[in-house]
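What the coordinates show
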Amino acid sequence: MSIGSTQIGDPRLLIDGKLVDAESGRTFDNVDPATEEVLGVTADAGTADTEQAIAAARRAFDETTWSTDHQFRRECLLQLQQALEDEREEFRAEVVAEAGAPIMTTYAAQIDWPIDDAVRWPAEYISEFAWDRDIPDSEAFGMLSHRAVWKEAVGVVAAITPWNFPVEVALGKIGTALATGNTVILKAAPDTPWSATRIGRLVAERTDIPAGVFNVLTSSDHGVGEQLVVDRRVDMISFTGSTATGARIASIAAPRMARTFLELGGKSAMIVLDDADFESVVPGASLMCMHAGQGCALQTRLLVPRHRYDESVELVTQAFRDIGVGDPNDAGNMGGPLISAKQRDKVLGYIEQGRAEGGRVTTGGGRPAAYDRGFYVEPTVFADVTNDMTVAREEIFGPVIAVIAFDDDDDAVRLANDNDYGLSGGVFAGDRDRALAVSRRIRTGSLMVNGGMFYGADAPYGGYKASGTGRQNGPEGFEQHLQTKTVGYTDGLDDD
Ligand code: NAD
């Protein structure tokens, strides 16, 4: 397979240090969700390719010094960092094309933030991290023992990623997994393969990362992911995606006690307390339309005081009407297309269900009339929503917000927590301490208080409840990818 002139992405897998086609020779189409046109093709990995990737990653872990040579890993990852920066603009163009990500999002979490820090931070943290530490000597049965705790890589990590933030999630996973000495098989989502194959090519061509330490699989078949999960040579599954798939992965990994690290869905609440400045705060709820609402941490339930409900609905409705929706290459558009016809139809189905259950659509509610191509859905506000309705409970993953009334701060906390998910959220109040006090009571993995940002490669990230297990990023992310070995040793036993 050669890279055609119209194809911006790399179609090849990375297996055991080599950029290769699928063994079957099969490819699958990469579709632009904004135009519905085929952008190009990618290798369609199957069972044989997956088997080879697992064998290579296992061999690289067992037979090279990758997991123990901390300094070498640091150097390799800083080479990767440089390569990522050199192709920043290519990553940007690709994620706009294959994910339909509005270009404005690429200047933040979609591209620039992860390219700046997701590999650099863990690479540099290698030198700071306490790989070994001594704990006090102990004495038992008249014998003195020295004691130590050693941190060791888990082994082979399967990193399985979704399509919504394909570069960000992939770099977040592989930066820490590699920095901690694991070998990795990155399995990209079928809708966004090129973000992964570009990383694969950079590792192969621009770094000294040994063959087999990093492998990339792209496939139209979700079964490739499942093959990784059930294989005994894979020690850990690092998964980001839907809660349904996460639950399936946890259940099939459990019999062999494989470690699972799961970053799953969300239904986060934005709480606006009654002393907030409503005119400036409530329109900000429209940020959830970014990338057509396809973000796990977006705040998709707006909780406002009952006595300020009508005014809040008006403010958020106007803000949703003002959002630019359309061509993701247009810097004025915050809302692009949904990833696929299937995803668009799923979102439209939720809107119908919301109406049927008594929700009132104040703006949006369908496909925008301006587009006959592209998987677009109008930014949609649901008023008169109670917390038990489907649009308030389930992750829609589209530009749809539910506005819910609360009676007082306790009621706001109760409503925010009355959901299966616990990934993120926001609290706004005129009084900062009041906002912080409410934040302590929300059962969620991250929070933006009065608009404050928590994001960063140094900041642990993950979910409570059905939003997942474990943490990515920061020191907690390091620990997530390590085993702990505790050793007692003597100075040697003599004969007398
Ligand atoms: P998905 O669960 O359908 O797929 C995610 C990945 O899992 C894909 O690579 C897919 O091929 C693979 N997969 C599917 N079935 C599998 C199986 N049985 N075994 C192994 N792998 C399998 O998710 P999606 O639709 O691609 O992404 C959207 C979801 O991701 C949303 O729910 C969103 O909230 C979530 N997400 C969460 C975070 C987070 O950090 N918590 C970040 C981004 C996205």
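As the structure is a computational prediction, the values presented were derived from the model and not from experiment. (Residues numbered from 1 in each chain as written. Predicted model: local features only at pLDDT ≥ 70, side-chain atom pairs only at ≥ 80, totals over all residues. Heavy atoms only, no water.)

1. Examining the overall build of the protein chain
Each helix and strand in the protein chain was counted, giving 17 helices and 22 strands. With the C-alpha coordinates of the protein chain rotated into their principal frame, the extents come out at 85 × 65 × 40 Å. In the protein chain, buried positions account for 58% of the 496 residues. Look at the contacts in the protein chain between residues 6 or more apart in sequence, and 72% of them connect residues 24 or more apart. Approximately 19,800 Å² of the protein chain is accessible, and the part contributed by carbon and sulfur atoms is 48%. Computing the positive centroid from 45 side-chain charges and the negative centroid from 76, the protein chain places the two 3 Å apart. (Helix = DSSP H or I, 4+ residues; strand = E, 2+ residues; numbered from the N terminus. Buried < 20%, exposed > 50% of the residue type's maximum accessible area, 1.4 Å probe, protein only. Contact = heavy atoms within 4.5 Å. Areas by Shrake-Rupley, 256 points an atom, 1.4 Å probe, with all protein chains shown as cover. Lys, Arg positive; Asp, Glu negative; His and termini not counted. Charge placed at Lys NZ, Arg CZ, Asp CG, Glu CD.)

2. Section: the site of the ligand
Around the ligand there are 27 residues in total, and K187, H222, E226, L264 and E395 lie nearest to it. Here W163 contributes a side-chain N or O atom positioned 3.0 Å from an oxygen atom of the ligand. Separating a nitrogen atom of the ligand from a backbone N or O atom of L264 is a distance of 2.7 Å. Isolated, the ligand exposes 850 Å² of accessible area, and the fraction of that covered by the protein chains is 90%. (Near = heavy atom within 4 Å. Polar contact = N/O pair within 3.5 Å; in protein donor to acceptor, adjacent residues only side chain to side chain.)

3. Focus on the sheet that holds strand β6 (residues 143-153)
Sheet strands associate in pairs through backbone hydrogen bonding, adopting either a parallel or an antiparallel arrangement. Taken in spatial order, the 3 strands of this open sheet run β5-β6-β22, and their pairing is antiparallel. The open sheet has two free edges, formed respectively by β5 (132-140) and β22 (482-489), since each of these has just one partner strand. Going across the sheet, the axis of each strand differs from the next one's by a mean of 20 degrees, ignoring polarity. (Pairing = 2+ DSSP bridges. Axes fitted to C-alpha atoms, helices over the stretch in contact; angles between N-to-C directions.)

4. Points about a nonpolar patch on the surface
A cluster of nonpolar residues, W113, M453 and Y455, forms a patch on the protein surface that exposes about 290 Å² of accessible area. Mapped onto the fold, W113 is located in helix α5 (residues 112-117). (Patch = residues over 30% accessible without salt bridge, like charges linked within 9 Å, V, L, I, M, F, W, Y side chains within 5 Å. Salt bridge = Lys/Arg side-chain N within 4 Å of Asp/Glu carboxyl O.)

5. Regarding the pairing of β6
Residues in a regular strand point their side chains to alternate faces of the sheet. Note that β5 and β6 share 7 bridges and pair antiparallel. Paired with S138 across the two strands is S145, which belongs to β6. In this antiparallel pair of consecutive strands, β5 and β6, the connection spans 2 residues, and F141 shows a positive phi of 55 degrees. Bridge count for β6 against β22 is 8 bridges, and the pairing is antiparallel. Its bridge partner being in β22, K151 is matched across the sheet by T484.

6. Digging into the packing of aromatic side chains
Evaluation of the coordinates by the stated rule reveals 11 aromatic pairs. Consider the rings of Y125 and F129, whose centres lie 5.9 Å apart with planes at 50 degrees: the pair is tilted. Seen from their ring centres, W163 and F397 are 5.5 Å apart, and the 75 degrees between their planes marks the pair as edge-to-face. Highlighted residues: W163 in the loop between β7 (156-160) and α7 (166-179) and F397 in the loop between α14 (390-393) and β16 (400-406), separated in sequence by 234 residues. Of the two residues, W163 and F397, both sit in the buried class. (Phe/Tyr/Trp six-rings, centres within 6.5 Å; stacked < 30°, edge-to-face > 60°.)

7. Here we look at the domain arrangement of the protein chain
Each assigned domain of the protein chain is listed here: domain 1 (2-264 + 467-486) and domain 2 (268-449). When each unit is reduced to the centre of its C-alpha atoms, the spacing between domain 1 and domain 2 is 31 Å. Taken residue by residue, the interface counts 24 residues in domain 1 and 27 residues in domain 2. Interface area lost by domain 1 to domain 2 is led by M104, W163 and S467, which between them contribute 25%. At the boundary of domain 1 and domain 2, one finds 1 salt bridge. Between E37 and R373 there is a salt bridge; the shortest N-O distance is 3.1 Å. Along the contact surface separating domain 1 from domain 2 lie 8 residue pairs in polar contact (both at pLDDT 80 or more). A class-by-class count of the residues in the side of domain 1 that touches domain 2 yields 11 nonpolar, 8 polar and 5 charged. (Domains from an automatic or database assignment. Buried area = accessible area lost by both parts, 1.4 Å probe. Nonpolar A, V, L, I, M, F, W, Y, C, P; charged D, E, K, R; others polar.)

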